[in-house]
Amino acid sequence: MTTKSNVVRVGVLGCGNVGAALVQLVERQRDTIEARTGIRLEVTRVAVRNLSRQREVAVPATMLTRDAASVASDPDVDIVVEVIGGIEPARELILSALAHGKPVVTANKELLANVGAELYAAADAAGADLLFEAAVAGGIPLIRALRESLQGEPIRRVIGIVNGTTNYILTKMSEEATPYAAALAEAQRLGYAEGDPTADVEGFDAGAKAAIISTIAFGAKVVAGDVYHEGISHITSEDIAAAHRLGYVVKLLAICEHIEGEIAVRVHPAMVPRTHPLASVRDSYNAVFVEGDAVGSLMFYGRGAGGMPTASAVLGDLIDAAINRREGTHGSVGSFRKAVIRGIDETTAEYYLPLEVIDRPGVLHAVTGVFARHDVSIRAAEQEGSNTDARLVFITHEAREADVQATLRELRDLDVVRKVGGLLRVIGS
Ligand SMILES: NC(=O)c1ccc[n+]([C@@H]2O[C@H](COP(=O)([O-])OP(=O)(O)OC[C@H]3O[C@@H](n4cnc5c(N)ncnc54)[C@H](OP(=O)(O)O)[C@@H]3O)[C@@H](O)[C@H]2O)c1
């Protein structure tokens, strides 16, 4: 039964892809949520930038405001949802809502990956929830699994495809031999990629998610600046075809590892064996592979973005925050020490390296000699020749990044080498 006391009034900051879907989902699920939890969610205020913009959802004019700060501090708002994005004003609005004792739900990866620690501390000081399931991998319940179900588990490694746009582009390149530029244009036409695709294709978005995952999985503060990242804009059709011939597919991976007390976090394209579960993650889907000591390997798969999947995760957090508020309790992300970051130079992987060389006797010997001088041993080699030029492709055994980079530098100076192609790490062999 609905009474005044079981109504929870929600202020939503932002009514774009996620905010509009959330308003619709609350409307659609309200009675079911009330029947299950005894809590009746009512969106009572919605802050936007442009009052006259046409929206996906009909929001009464009386509910809309351009004054987001007034929503964050409104005594008639019980819980605040931040789905504006970016650092400011989102940061100030969340701090204000927490300071007014309101639980906050956010989907903002950029904010958490840069100033998460400040917000987690503010939530603890205010004794209010700060929940952010939607900030990583959209609709996939990964953060709650790491924070709750796996809180007793020493996590060793989390590897994931956490950016749907780049996975869509790589799938088109791989399955339909579409060149990079055409695959990107198609992703933009379908609304998967922004007009300026830099955040996705250069790995910034995946890097922010990797920082949040590492912080939660390993219990140490990792920020976006700690994450080494490379994107996919240099991946060529030749790389994709060579990977295919060798039994691999190319994926943009976020790799978070806990090694001997240090944390190595990186985002880069990698060749994944065709038999690995991550290889079958196609189109704009996301998947995250978690490796723990006791639990072994777990895989989480689903829609990592999109208004509705993301709003689903926001709504789950909203219900949790409402229940906690009723019970007079709240969760805590925890206060973390700064992580000791292991730089990319000290990480190890197998490497794929294509070279264009002059086709004459002794070239292979000269090239393999460079690998040997830097302690990089070769696992497989392939050669395609013409009259004067040859393309050599090498896959190494596990090697140190710094040694491989030194090998590359020396190869570039070798007079028989015409071109050193893009390096790809080989993961999961
Ligand atoms: N879209 C996804 O698939 C997805 C997935 C996971 C996480 N997220 C995260 O969810 C958040 C929202 O993403 P989105 O795709 O919904 O963004 P969006 O479509 O660009 O919507 C942003 C909303 O914020 C409003 N806004 C901007 N500045 C404002 C201000 N100063 N005061 C009040 N309102 C303001 C905009 O108002 P107007 O409408 O008037 O312009 C718009 O309604 C971001 O943090 C994003 O990283 C999104």
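Residues numbered from 1 in each chain as written. Predicted model: local features only at pLDDT ≥ 70, side-chain atom pairs only at ≥ 80, totals over all residues. Heavy atoms only, no water.

Caption draft 1: Geometry of the overall build of the chain. Tallying secondary structure elements over the chain gives 13 helices and 18 strands in all. On the principal axes, the C-alpha backbone points of the chain span a range of 85 × 45 × 35 Å. The long-range fraction of contacts in the chain, counting pairs at least 24 apart against all pairs at least 6 apart in sequence, stands at 74%. In the form shown here, the chain has an accessible surface area of approximately 18500 Å², with 49% of it arising from carbon and sulfur atoms. With 43 positive and 55 negative side-chain charges, the chain shows a spacing of 3 Å between the two charge centroids. (Helix = DSSP H or I, 4+ residues; strand = E, 2+ residues; numbered from the N terminus. Contact = heavy atoms within 4.5 Å. Areas by Shrake-Rupley, 256 points an atom, 1.4 Å probe, with all protein chains shown as cover. Lys, Arg positive; Asp, Glu negative; His and termini not counted. Charge placed at Lys NZ, Arg CZ, Asp CG, Glu CD.)

Caption draft 2: Focus on the site of the ligand. In the neighbourhood of the ligand, 23 residues make up the surrounding shell, with Cys15, Asn50, Arg53, Arg55 and Gly306 lying closest. Gly16 places a main-chain nitrogen or oxygen 3.0 Å from an oxygen atom of the ligand. Within the contact set of the ligand, an oxygen atom lies 2.9 Å away from a backbone nitrogen or oxygen of Val18. When isolated, the ligand has an accessible area of 910 Å², and the protein chains bury 81% of it. Here the residues of the shell around the ligand are counted per class, giving 11 nonpolar, eight polar and four charged. (Near = heavy atom within 4 Å. Polar contact = N/O pair within 3.5 Å; in protein donor to acceptor, adjacent residues only side chain to side chain. Nonpolar A, V, L, I, M, F, W, Y, C, P; charged D, E, K, R; others polar.)

Caption draft 3: Just the packing of aromatic side chains, in detail. Within the structure shown, the criterion is met by four aromatic pairs. When the ring of Tyr168 is compared with that of Tyr192, the centres are 5.0 Å apart and the planes differ by 65 degrees; the resulting orientation is edge-to-face. With a gap of 24 residues between them, Tyr168 in helix H6 (residues 164-176) and Tyr192 in the loop between helix H7 (180-189) and helix H8 (198-201) connect regions that are remote in the sequence. Tyr192 sits in the partly exposed class, given a relative accessible area of 36%. Consider the rings of Tyr285 and Tyr301, whose centres lie 5.1 Å apart with planes at 5 degrees: the pair is stacked. Remark: Tyr301 occurs in strand S12 (residues 296-303) and Tyr285 occurs in strand S11 (residues 285-292); sequence separation between them is 16 residues. For Tyr285, a relative accessible area of 24% translates into the label partly exposed. Its guanidinium or amino end placed over the ring of Tyr285, Arg303 lies 4.2 Å from that ring's centre, counting from NZ or CZ. (Phe/Tyr/Trp six-rings, centres within 6.5 Å; stacked < 30°, edge-to-face > 60°. Buried < 20%, exposed > 50% of the residue type's maximum accessible area, 1.4 Å probe, protein only. Lys NZ or Arg CZ within 6 Å of the ring centre and 35° of its normal.)

Caption draft 4: Layout of the pairing of strand S4 (residues 79-82). Alternating residues of S4 divide into Ile79 and Val81 and Val80 and Glu82, and every residue in both groups is buried. Examined bridge by bridge, strand S1 (residues 7-13) and S4 share four bridges and lie parallel to one another. Pairing of Val10 across the sheet is with Ile79, part of S4. Two strands pair when backbone bridges link them, and S4 and strand S5 (residues 104-106) are joined in this way by three bridges, in the parallel orientation. Opposite Val81, over in S5, you have Val105 as the bridge partner. Read as a crossover between parallel neighbours, the route from S4 over helix H3 (residues 90-99) to S5 is right-handed. (Pairing = 2+ DSSP bridges. Right-handed = clockwise from strand over helix to strand, strands pointing away.)

Caption draft 5: Layout of the layout of surface pockets. Of the pockets and cavities examined, the second largest pocket occupies roughly 330 Å³. Together, 19 residues line the second largest pocket, and Arg147, Glu148, Gln151, Ser332 and Val333 are the ones closest to its centre. Classifying every residue of the lining of the second largest pocket by side-chain character gives nine nonpolar, five polar and five charged. (1 Å grid on protein atoms, 1.4 Å probe; cavity = no way out; pocket = protein on both sides within 12 Å on 5 of 7 lines; lining within 4 Å. Points joined across faces, edges and corners; volume = space filled by probe spheres on them.)

Caption draft 6: Expanded view of the side chain of Arg425. Looking at the element boundaries, Arg425 is found in strand S18 (residues 424-426). With relative accessibility at 2%, the residue Arg425 sits in the buried group. Reaching out from Arg425, the side chain makes a polar contact with the side chain of Glu230 at a distance of 3.1 Å. Discounting chain neighbours no more than four positions away, the residues touching Arg425 are Tyr228, Glu230, His268, Pro269, Ala270, Met271, Ala349, Glu350, Tyr351, Glu401 and Gln405.

Caption draft 7: Highlighting the nonpolar core. Core analysis: the biggest nonpolar cluster contains 80 residues, and Phe132, Leu146, Ile169, Ile212, Met271 and Val290 have the highest contact counts within it. Sort the elements by how many residues they give to this core and helix H9 (residues 204-218) lands first, with nine residues. Counting 36 residues, the second largest nonpolar core, distinct from the first, contains Val26, Val43, Val83 and Ala321. (Core = buried A, V, L, I, M, F, W, Y, C linked by side-chain atoms within 4.5 Å.)

Caption draft 8: Empty space enclosed by the protein, seen in detail. Counting across every chain of the model gives three cavities of 30 Å³ or more. In terms of lining, the largest cavity is formed by Leu131, Phe132, Glu133, Ile143, Arg144, Arg147, Glu148, Asp317 and Asp320. Listed by contribution, the elements that provide at least two residues to the lining of the largest cavity are helix H5 (143-149) and helix H11 (307-327). Per-element accounting of the lining of the largest cavity gives the leading share, four residues, to H5. In terms of residue class, the lining of the largest cavity is built from three nonpolar, no polar and six charged.

Caption draft 9: The environment of Arg274, seen in detail. Secondary-structure assignment places Arg274 in the loop between strand S10 (262-273) and S11. Look at Arg274 and you get partly exposed, because its relative accessible area is 45%. Distance in space between the C-alpha atoms of Arg274 and Gly428 is 10.0 Å, their sequence separation being 154 residues. Excluding anything up to four places from it in sequence, Arg274 contacts His244, Gly247, Tyr248, Val249 and Ala279. Separated by 2.5 Å, the side chain of Arg274 and the backbone oxygen of His244 make a polar contact.

Caption draft 10: Structural view of the side chain of Glu82. Secondary-structure assignment places Glu82 in strand S4. For Glu82, which is buried and forms no salt bridge, the nearest opposite charge comes from Lys109, at a distance of 11 Å. Polar contacts involving the side chain of Glu82 include one to the side chain of Thr106, which spans 2.6 Å. Look past the residues within four positions of Glu82 in its chain and what remains in contact with it is Leu13, Ala90, Ile94, Val105, Thr106, Ala107, Asn108 and Leu111. (Salt bridge = Lys/Arg side-chain N within 4 Å of Asp/Glu carboxyl O.)

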